[in-house]
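Now for the letters of each chain:
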Amino acid sequence: MAKEQEEQEPQWTSNTGKTSFVWKFFQAKTNGRAYCRYIDNDNGDECGYSCVYKTQTSTMIYHINNVHKEYEKKSEQLKVDEQFKKVTPYKEPLQQKLRNGVADWIVTDGLPFNTVRGKGFKRMINNINPAFIPPCYATLKRDIGCGYKTAVELMKSYVEETCIYASITTDLWTSRAKTGYIGITCHWLTQEMKLCDILVCVEKISYPHTGTHIRETIQEKLKVLGLEKKVNVAVTDNGSNMVKAINEWDGVSRVACSAHTLQLCVLKGLKQIKPYLQRYAKLNQFFESPKQTERLEDAQREIIRQEERIANETGLSPSVENNENADENNQHEKNKPLKILRTITEVPTRWGSKLASWKRLKELKKPINRLCVTLGLETDYEARKDYQRLTALMLSDFEWKLLDKLIETLTPIESATQFLGGQKYCTLSLIFSSIQILKFDYTPDPNISVNSDENNEENNEENLHLEIEDEFAEYLPLSSDDDINSIINSIKKGIYDALFEYWNIPPNSTLLAGLLDPRSKTMYGWSYELQELAKLLLNAEYEEYKDNDIPIQIYPLSQSQSQSFSSRIFGPQIHLSTDNELTQYLDNFRTPQASPDTDIFKWWIDNREKFPTLFKVARKYLGILATSVPSERLFSDAGNQITSERNRLKAEYVHKIMNFTYKFYK
């Protein structure tokens, strides 16, 4: 009986695995109750309080807090947690590598330097990698400065090892902070005919921006990298100060930027038709406001929905109903997304933006016509007012035809500009041949009359400031295809005359590069005078670089000659030859003209042993660019650094930032 009572007596359970602080004072029994075993310091007895326990400890916490005045010590628990979370920071080499990553992020994304001071940035870094100590503001600027010094030393070493002759591109730019900058890039060919380019500087240039001051600044910046005696050609725009700067520079010739010069040719051609260009510009400007942009987008959506309905009925994809090869292209067009387009704003200094805006206007012809019709059905006062404005700006059928002709006429110059603006292949050798082709394309038709109304220009200047209803009061609408042909012919004549004006006498370096290009060494299409001039120039370069000891070439005699009676008396006859690399290269029989798709850098590598002297001359001229596009692209990159949030960025840091991220050799 006593044994049964003993078996039924509740037993103490273990507190193992229980995390609440109350289990330091309580212990549960098998009967489902928890007992307070708090020891009273006065009499040494246990409290003995009990409560039902299943899973909750709230009753026990209340008893401990109110009766025994014991509380959970959270601060101690946090200190314990912090000890567990404590990590050892990385050593300095790895810290520096990670700081460089932060600097690259700040520079590449154009963020303000004080981003590293932000609490959110520090919290993010701590969550990602608590072993990395993020840089402070001063450390970030120091790291950028160190990166700049490293880049400069690497560039100096690379220039010394690989560069013999170089060319530069240069231009001026004004930042948002109204600070004047000069940008310089340098280009050359290595011994392996690898085209290299480096950033020389994007630095502040003080006033006045005279030719002498520009030249002195360029020479000073080139001296830093050891390039002052290596540069032989400078590519610039046609600004008078730039022209003067290079003309005053002894030993350096100037090549006009072909892209900039082609733009001047186009502007001279378009100068003849200002009233019509204003019509296209005003129609574009009408759709620049948010209200009209939204209406134009709605008109496009309506057309798309209509085309989709037709497609469902006919089984053809949208916009393919009239395609002769619709059956073959149907699946391809079905997968092609339909885009909602917007007009493109013209940039006065870029004629290419005009062409792009005209092409977009042509694409939007159908939505514009639809919008004009739908606005005419509106009864709202504002809509009626917009309808009247749009009606005044709408183009006639002949004006749309003129737009098509304009796009077609200017496409060759657009192609030439893009072709000559490359940086990965030889472009200087392509200038003269490209200009010859353009002269052929823009030869005016002598059978078509040319508009030459000199009063038109003055009238159009006055009309710029008139209201829309009076703006085209002097404008004569087009009424026939003959009018369009006359306008196009006048544009061609303007461009044709400008091409002769700017490229009447090509620079010597352009002729030499064209002759050293194995694809154009036959000088096809060149005048006889220019062919002879190019040969004389190349011969002078060849004489300068060739070795003094010219090997004598002996032509072997035939066996019958060597065994003749006279030869036995006088000895074999030796034929001395004045043949050299130049005559062998120009001889199209012994050195055939290369095909148009030939990589001329590889061609010269393959023929380096055959033409060792000409190879040196080729390195000198074939690495020169046809445009100053690289220096202009520098300013685009610099503009991305001097943002509205960083408009107080000092000029010295713009230069360091650009060098920190610029890949100076590929």
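Residues numbered from 1 in each chain as written. Predicted model: local features only at pLDDT ≥ 70, side-chain atom pairs only at ≥ 80, totals over all residues. Heavy atoms only, no water.

As annotated in an unreviewed UniProt entry, the protein is HAT C-terminal dimerisation domain-containing protein from Rhizophagus clarus. Heading Subcellular location (unreviewed entry) of the UniProt record for the protein holds this comment: "Nucleus". (UniProt positions renumbered as here; feature names shortened; annotations may be inferred.)

What follows concerns the sheet that holds strand 3 (residues 50-52). Pairing in this open sheet of three strands is antiparallel, and the strands run 1-2-3 from one edge to the other. Looking along the sheet, the strands with just one partner apiece sit at the ends: strand 1 (26-28) and strand 3. Neighbour to neighbour, the strand axes of the sheet diverge by 25 degrees on average, direction disregarded. Taken together, the three bridges between strand 2 (residues 33-36) and strand 3 define a ladder with antiparallel strand orientation. In the strand pairing of strand 3, R33 is matched with V52. (Pairing = 2+ DSSP bridges. Helix = DSSP H or I, 4+ residues; strand = E, 2+ residues; numbered from the N terminus. Axes fitted to C-alpha atoms, helices over the stretch in contact; angles between N-to-C directions.)

The next subject is the packing of helix 11 (residues 290-314) against helix 14 (residues 365-376). Helix packing geometry: the angle between the two helix axes and the distance between the axes. At a minimum axis distance of 9 Å, the contact between helix 11 and helix 14 shows a crossing angle of 105 degrees. By the criterion of interaxial angle, the relationship of helix 11 to helix 14 is roughly perpendicular. Seen from helix 11, the contacting residues are R295, L296, A299, Q300, E302, I303, Q306 and E307; seen from helix 14, they are K366, P367, I368, R370, L371, T374 and L375. (Parallel < 35°, antiparallel > 145°, perpendicular 65-115°, else oblique. Contact = heavy atoms within 4.5 Å.)

When you line up the elements, R519 lands in the loop between helix 21 (508-516) and helix 22 (528-545). At a separation of 2.8 Å, a polar atom in the side chain of R519 contacts the side chain of D517. In terms of polar contacts, R519 uses its side chain to reach the backbone carbonyl oxygen of P596, at 3.5 Å. (Polar contact = N/O pair within 3.5 Å; in protein donor to acceptor, adjacent residues only side chain to side chain.)

The next point concerns the environment of P612. With respect to the element layout, P612 can be found in helix 27 (residues 612-621). On the accessibility criterion, P612 (39% relative accessible area) is partly exposed. Taking C-alpha positions, P612 is 8.6 Å from K546, a pair spaced 66 residues apart along the chain. (Buried < 20%, exposed > 50% of the residue type's maximum accessible area, 1.4 Å probe, protein only.)

In this structure, strand 4 (residues 166-174) lies alongside strand 7 (residues 231-236), joined through four bridges in parallel fashion. Counted as the bridge partner of A166 is V231 from strand 7. Pairing geometry for strand 4 and strand 5 (residues 180-189), over eight bridges, is antiparallel. The partner of T169 across the bridge, within strand 5, is T185.

A few words now on helix 8 (residues 240-247). Buried within helix 8 we find M242, A245 and I246. The arc that holds the buried residues of helix 8, viewed along the axis, is 90 degrees, so those residues lie on one side. With respect to the buried face of helix 8, the exposed residues turned more than 90 degrees away are S240 and N247. Where helix 8 is buried, its residues meet strand 4, helix 7 (211-224), strand 7 and strand 8 (253-256). (Arc of directions from axis to C-beta.)

Ranked by internal contacts, the top residues of the largest apolar core, which has 91 residues, are L270, W358, L390, L402, L406, W604 and L622. The leading source of residues in this core is helix 16 (residues 397-420), at nine residues. Here W358 is in contact with L270, L277, Y280, E346, L403, L406, I407 and L410, once residues within four sequence places are set aside. C186, I205, A234 and I246 belong to the second-largest nonpolar core, a separate cluster that totals 29 residues. (Core = buried A, V, L, I, M, F, W, Y, C linked by side-chain atoms within 4.5 Å.)

What follows is about helix 20 (residues 481-502). Compared with an ideal rise of 1.5 Å per residue, which puts 22 residues at 32 Å, helix 20 spans 32 Å between its outermost C-alpha atoms and is within 8% of the ideal. Of all the positions in helix 20, only I484, S486, I487, I488, N489, S490, I491, G494, I495, A498 and L499 are classed as buried. Looking at the packing, one finds that the buried side of helix 20 touches helix 9 (258-270), helix 10 (274-286), helix 16 and helix 17 (431-441). (Expected span 1.5 Å × (residues − 1).)

This paragraph deals with the sheet that holds strand 5. The five strands are arranged 6-5-4-7-8 in an open sheet whose pairing can be described as mixed. With one partner strand each, in any of the chains shown, strand 6 (195-204) and strand 8 form the two edges of the open sheet. The sheet shows a mean angle of 25 degrees between the axes of neighbouring strands, taken without regard to direction. Where strand 7 and strand 8 come together, four bridges link them in parallel fashion. The partner of A234 across the bridge, within strand 8, is R254.

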